[in-house]
Every structure is written in C-alpha cells, then in structure tokens.
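Working through the structure, step by step
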Amino acid sequence: MAGWLDDRDLPVETEFEGDPAPGLEGLPRMDLTPIEAQVPSLIDQAVRGPIVLTRNGAEAFVLLPLDIYRRLWSTAPRPPVLDAEPSEPGPKRRTRRR
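Structure report, in brief.

Quick notes on the rules
- Each residue is numbered by its place in its chain's sequence as written, counting from 1.
- Reporting of local features is limited, given that this is a predicted model, to residues whose pLDDT is at least 70; pairs of side-chain atoms are given and counted only at 80 or more, and all residues count toward the totals for whole chains, interfaces and linings.
- Water and hydrogen atoms were dropped before computing side-chain values, which therefore reflect all heavy atoms in the structure.
- Starting at the N terminus, helices and strands are each numbered in turn, a helix being any DSSP run of H or I of at least four residues and a strand any DSSP run of E of at least two.
- Throughout this description, buried means an accessible area under 20% of the type-specific maximum (1.4 Å probe, protein chains only), exposed means over 50%, and partly exposed covers the range between.
- Pairs of residues are marked as contacts when any of their non-hydrogen atoms sit within 4.5 Å.
- For Phe, Tyr and Trp, where Trp contributes only its six-membered ring, two rings pair if their centres lie within 6.5 Å, and the inter-plane angle classes them as stacked under 30 degrees, edge-to-face over 60, or tilted in between.
- We call two strands paired when DSSP finds no fewer than two bridges between them.
- Here, a salt bridge means any Lys or Arg side-chain nitrogen found within 4 Å of an Asp or Glu carboxyl oxygen.

**Concerning the overall build of the protein**
Helix and strand counts for the protein stand at three helices and four strands. From first element to last, N terminus to C terminus, the protein shows the α and β order β-β-α-α-β-β-α. For the protein, with 98 residues in total, the buried portion stands at 11%. The contacts of the protein with a sequence gap of at least 6 include a subset with a gap of at least 24, amounting to 34%.

Okay, structure coming up:
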C-alpha cells in the first residue's frame, strides 16, 4: 500500500531527545506527506491539538499530536506489578501412590 513505511517495530521518536513515545512500538507507520498535500489544514489543526474524525456521521478516530499522547499515556492507570523471587532449584517433592 502506498505511503506505508516498513519500519513497524521502531518506536516513534518525539521532540524529546532520546525518549521514544511509549506504547507505539509495533504499530504501522504511514508517511503524512500525501495527506498533508491533500488536506494541509487538517495537519495544521492537528499540530494545535486533538481532532475528532468522523466516518458516516459518527465519531471514529482521534488524531492526536505525540506530545499530547505522551501526557495521556503517562496519566493512564497501570496494572499492579507483583515482585516475586524466582523459586530456588532443589529436590522436588514426591507423592506416594496408594
């Protein structure tokens, strides 16, 4: 498909030096140049903040600048992390059969 980039597993680099946008690894990438050529006002508006895109009269997508996405990601609740020590290797217990 024209416009799609092959580097799917690379994190998106943001304006923050050396700090990739979390959660975007593995997502498909698309070059924005063709869209910007067709609808430059859409990209200009998206730079200023989120845009809700509609499809068939219903809200379907949100176009979100990476800096706003980064703030949203950092405030999202995370599942708890359980710290556990790995079990030590040793003799296994045997059970008797009756």
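**Description of the packing of aromatic side chains**
A complete count under the given rule lists one aromatic pair for this structure. Look at Tyr69 and Trp73: their rings are 6.1 Å apart centre to centre, the planes differ by 35 degrees, and that puts the pair in the tilted class. Linking Tyr69 with Trp73, this pair stays in helix α3 (residues 66–75), spanning four residues, or about one helical turn.

**As for the pairing of strand β3 (residues 51–55)**
If a strand is regular, its side chains alternate between the two faces of the sheet. Both β3 and strand β4 (residues 58–63) contribute to a ladder of five bridges, which runs antiparallel. Note that in β4 the partner of Leu53 across the bridge is Phe61.

**Observations concerning the environment of Val62**
Examined against the element boundaries, Val62 turns out to sit in strand β4. The exposure class assigned to Val62 is exposed, which follows from its relative accessible area of 54%. When the C-alpha atoms of Val62 and Ile51 are compared, they prove to be 5.6 Å apart, with 11 residues separating the residues in sequence. Those residues in contact with Val62 that sit more than four places away from it in its chain are Pro50, Ile51 and Val52.

**Some remarks on the environment of Ile68**
In this structure, Ile68 sits in helix α3. Residue Ile68 is classed as partly exposed on the basis of its relative accessible area of 22%. Along the sequence, Ile68 and Arg48 sit 20 residues apart, while their C-alpha atoms lie 9.9 Å from each other. The contacts of Ile68, once residues within four sequence positions are left out, are Gly49 and Pro50.

**With respect to the pattern of salt bridges**
Across all of its chains, the model carries one salt bridge by this definition. Here Arg71 and Asp67 are joined by a salt bridge, their closest N and O atoms 4.0 Å apart. Of the two residues, Arg71 and Asp67 both sit in helix α3, four residues apart, roughly one turn of that helix. Here Arg71 falls in the exposed class, since its relative accessible area comes to 51%. Since its relative accessible area comes to 33%, Asp67 is described here as partly exposed.

These values are about where atoms sit, not about what they do.
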